[in-house]
Amino acid sequence: MEKQKHIAMLIGALTKGGAERVLVNLADYFVNRGYCVTMVTQYKKENEYPLNPKVKRVLSDISEDETTKSRAVNFCRRFQKLRNIWKEERPDVILSFIGKNNMMAIMTSRFLSIPVAVSVRAEPTEEYYNSWMRFMAKHLFSRADGVILQTKRCFDFFPGKVRKKAVILKNPVSQAFFRERYEGVRDHTITAVGRVDENKNHELLIRAFAEIANEFPQYRLIIYGEGDKRKQLQELVFQMGFEGRIELPGSVDNVSDAIYKTRVFVLSSNTEGVPNTLIEAMVMGLTVIATDCPCGGPAELIDHGINGLLTPVGDVEKMKENLHFVLKNLQEAEKMGIEAMKTLDIYRPEKVYGEWEKYLKTLMNLE
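Residues numbered from 1 in each chain as written. Predicted model: local features only at pLDDT ≥ 70, side-chain atom pairs only at ≥ 80, totals over all residues. Heavy atoms only, no water.

Let us look at the pairing of strand 2 (residues 36-41). Taken across its 6 residues, strand 2 has 5 buried, putting it largely inside the fold. The parallel pair strand 1 (residues 6-11) and strand 2, bridged by helix 1 (residues 18-32), forms a crossover whose chirality is right-handed. Of the strand pairs in this sheet, strand 2 and strand 3 (residues 56-59) are connected by 4 bridges, and their pairing is parallel. If you follow T41 over to strand 3, its bridge partner there is L59. (Buried < 20%, exposed > 50% of the residue type's maximum accessible area, 1.4 Å probe, protein only. Helix = DSSP H or I, 4+ residues; strand = E, 2+ residues; numbered from the N terminus. Right-handed = clockwise from strand over helix to strand, strands pointing away. Pairing = 2+ DSSP bridges.)

Laid out in C-alpha cells, this is it:
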C-alpha cells in the first residue's frame, strides 16, 4: 500500500489575515485530497481561522519554563524545537509562509532531506523590512527547493539564483465567493475588508468618503476587520461627525454575504501581495477601486477603467474622484463589475488548488 504523502505547513499563527486564510484553505484542500497535513505555528491565538479537524496542529514556541532572559538562548531553543518537529513528523515537503518563518524553515531543515518551499506573501521590501533580513532572504532563499511569489514585480527583489527557483502561484479563493452575480438593486454601501492597521490605510478611504458624503447622503461606508488602528479610526469618525455613516463593526465570519450586495468595494492599502479580498470582490462581480500599491498585485488584477479603478497610494483626492465617479455613473460601475467577474475563470478553486498540488508534488519528486 502506498504511503500517505505528508505536507507540513509553517506560519506564525492563524489569526485572521490574507496569508493565514490562504494557508488554511490549502490545508483543507490537501487533507480532503488524502494527504496528511501538519500545521506548525509558533502561537495559538484568539480569533483564528477554523482549521479542518483532520489537520494536525503543532506549536513550535518554547514554553515559559524554557524561556530565559537571553534572546540568543531563546532563539537557539526555538530553533532546536522546530528542527525536532521536522525530525519527528518527517514530512515529504515543508511549505512556509511569511518573513522569518521562511528563513527558519530553510535553516531548521538543513541536512534532513526534506524539500522546502518558501512563500513571500507581500511586497518583499516590507516583508523583509531591514537590511539584515533582506540580505538573508536574498541569499538564504537560494537554498530552498522552491520559492513562491505573488507578482512579477517581486522577482526584481531577488538575485538570479533565487529567481531561477521562483514561481508565481495564484491565491486559492474560498468557494463561498463563487456564486451568481447579484443583479438586484444594490445596497447603498461602500465596503472594505481587512486587518485594520497602518498598512491597510483605511484612513485614506474614510477621508475620501467624508469629502463626498454630503453629495451622496444615502450611502454608508463599512470597514470590516480587527486591528490596532480600529479604535483610533472610530475616534476619527466621531470627531468628523460621521459616526452614523461610517462603521467599523470588526470581523465577520460570512464576508461573502456581507459584501454581496454592496455598491463599491475598496482596497486602500499602502502595500499588498495579491490581495485575496480584492480577488474575492472581483469574482463576485463587484465594482472595485484599489490602490496601485507595491508589489503590483492590484495592477495585475485591474485594467483601469475596464474592470475597476486604480488609485495612487495615499492619494485622498484621487480616491475621492474614483468614488465619486462610480457613485455618479452607476451604469459604468455595473459594466466594470461585470468585467471584474471574468476574473472568476482564472481563480476557479479546482484550477488554482491543482497548480499548488502539482508544484508541491514536483518538489516531492512525484511528478
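From this point, the narrative continues.
Let us look at the pattern of salt bridges. Under the criterion given, the structure shown has 23 salt bridges. Where D257 meets R179, a salt bridge forms, and the shortest distance between an N and an O atom there is 3.0 Å. Taken together, the positions of D257 in helix 9 (residues 255-259) and R179 in the loop between strand 7 (166-168) and strand 8 (189-193) put the pair 78 residues apart, joining distant regions of the chain. Residue R179 is classed as partly exposed on the basis of its relative accessible area of 23%. With its nearest N and O atoms 3.1 Å apart, the salt bridge here joins R230 to E226. Here the salt bridges do not stand alone but share partners, grouping R181, E183, R186, R263 and E334 into one network. (Salt bridge = Lys/Arg side-chain N within 4 Å of Asp/Glu carboxyl O.)

Once that is clear, we can look at the pairing of strand 8. For strand 8, the tally of buried residues reaches 5 of 5 residues, placing the bulk of the element in the interior. Neither face of strand 8 is left uncovered, since the one carrying T189, T191 and V193 and the one carrying I190 and A192 both have all their residues buried. Crossover strand 8 to strand 9 (residues 220-224) through helix 7 (residues 202-212) is right-handed. With 2 bridges joining them, strand 8 and strand 11 (residues 264-267) adopt parallel strand pairing. Note that in strand 11 the partner of T191 across the bridge is F265.

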